[in-house]
Amino acid sequence: QVRLVESGGGLVQAGDSLTLSCVVPGLAFSNYVVAWFRQAPGKERTFVGAMRLRDSARLYADSVKGRFTISRDNAKNTLYLQMNNLKVEDTAVYYCAERRDTVIRMDRSTYDYWGQGTQVTVSS
């Protein structure tokens with residue numbers, strides 16, 4: 001059982017920045033895809049962005065493109081989600097997920113392992 005662990009959530013104001021972390025066992029040697037999703041209250045879990053670990057290729061949702069950046073630290077087996085210029089509508093529980101495949105997909109049902117989530121709240 002793969003265990004992904006997110007951290008870094010919190011309460012910030014609109015316009016602030018925040019960085020989330022996800023520890024991914026074996027990240028440094030993985031060929032798979034790790035993604036970030038988010039789920040706002042009463043809404044479905046939606047795709048935020050993903051990185052294919054083999055070549056660090058990235059894909060972002062239109063709603064976060066230009067504001068959010070995914071990066072990695074192989075030495076720490078950690079994937080990051082740098083979030084800039086946060087908006088109230090970015091408020092959600094953020095999850096990282098791993099897909100045991102090399103193709104990046106936005107469909108949450110195609111991801112095999114999930115973290116427990118970390119809350120991000122953006123106030124106006």
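Overview of the structure. (Residues numbered from 1 in each chain as written. Predicted model: local features only at pLDDT ≥ 70, side-chain atom pairs only at ≥ 80, totals over all residues. Heavy atoms only, no water.)

1. Concerning the packing of aromatic side chains
Two numbers describe a pair of aromatic rings. These are the distance of the centres and the angle of the planes.
Then, in step 1: As enumerated under the stated definition, the model contains 5 aromatic pairs in all.
Then, in step 2: A centroid spacing of 5.1 Å and a plane angle of 75 degrees characterise the contact between phenylalanine 37 and tyrosine 111, whose relative ring orientation is edge-to-face. Of this pair, phenylalanine 37 sits in strand S4 (residues 33-39) while tyrosine 111 sits in the loop between strand S9 (92-99) and strand S10 (113-114), and the two are 74 residues apart along the sequence. Accessibility classification places phenylalanine 37 together with tyrosine 111 in one group, the buried group.
Then, in step 3: Here a set of aromatic residues connected by ring pairs shows up, and it is made of Phe37, Phe47, Tyr95, Tyr111 and Trp114.
Then, in step 4: The cationic tip of arginine 45 hangs over the ring face of tyrosine 95; the distance from NZ or CZ to the ring centre is 3.6 Å.
Then, in step 5: Of note, arginine 45 hangs over the ring of tryptophan 114, and the distance from its end group to the ring centre comes to 4.9 Å. (Phe/Tyr/Trp six-rings, centres within 6.5 Å; stacked < 30°, edge-to-face > 60°. Helix = DSSP H or I, 4+ residues; strand = E, 2+ residues; numbered from the N terminus. Buried < 20%, exposed > 50% of the residue type's maximum accessible area, 1.4 Å probe, protein only. Lys NZ or Arg CZ within 6 Å of the ring centre and 35° of its normal.)

2. Digging into the sheet that holds strand S1 (residues 5-7)
Then, in step 1: Judged by pairing direction, the sheet is antiparallel, and its 4 strands sit side by side in the order S1-S3-S8-S7 without closing on themselves. At either margin of the open sheet sits one strand with a lone partner, and together these are S1 and strand S7 (68-73). For this sheet, the mean inter-axis angle between neighbouring strands, taken without regard to orientation, is 20 degrees.
Then, in step 2: Bridge analysis of S1 against strand S3 (residues 18-23) gives 3 bridges, and the strand direction is antiparallel. By the bridge assignment, glutamate 6 is partnered in S3 with cysteine 22. (Pairing = 2+ DSSP bridges. Axes fitted to C-alpha atoms, helices over the stretch in contact; angles between N-to-C directions.)

3. Some words on the state of the cysteines
Then, in step 1: Taken as a whole and assessed by the stated rule, the structure comprises 1 disulfide.
Then, in step 2: With its sulfur 2.0 Å from that of its partner, cysteine 22 forms a disulfide with cysteine 96. Between cysteine 22 and cysteine 96 the sulfur-sulfur dihedral comes to about 60 degrees; the bridge is accordingly right-handed. With cysteine 22 in strand S3 and cysteine 96 in strand S9, this pair connects stretches of sequence that are 74 residues apart. Accessibility assignment for this pair places cysteine 22 and cysteine 96 in one class, buried. (Disulfide = S-S within 2.5 Å.)

4. Some words on the environment of valine 12
Then, in step 1: Tracing the backbone through its elements, the reader meets valine 12 in strand S2 (residues 10-13).
Then, in step 2: Given a relative accessible area of 11%, valine 12 falls into the buried group.
Then, in step 3: Each C-alpha atom of the pair valine 12 and arginine 45 lies 21 Å from the other, and the pair is 33 residues apart in sequence.

5. Some remarks on the pattern of salt bridges
Then, in step 1: Under the counting rule described, the total for this entry stands at 7 salt bridges.
Then, in step 2: For the salt bridge of arginine 38 with aspartate 90, the shortest nitrogen-to-oxygen distance reads 2.8 Å. Taken together, the positions of arginine 38 in strand S4 and aspartate 90 in the loop between strand S8 (78-83) and S9 put the pair 52 residues apart, joining distant regions of the chain. Across this residue pair, the class does not change: arginine 38 and aspartate 90 are buried.
Then, in step 3: A salt bridge links glutamate 98 to arginine 100; the shortest N-O distance between them is 3.2 Å.
Then, in step 4: For arginine 100, a relative accessible area of 37% gives the class partly exposed.
Then, in step 5: One connected set of salt bridges, linked through shared partners, spans Arg38, Arg67 and Asp90. (Salt bridge = Lys/Arg side-chain N within 4 Å of Asp/Glu carboxyl O.)

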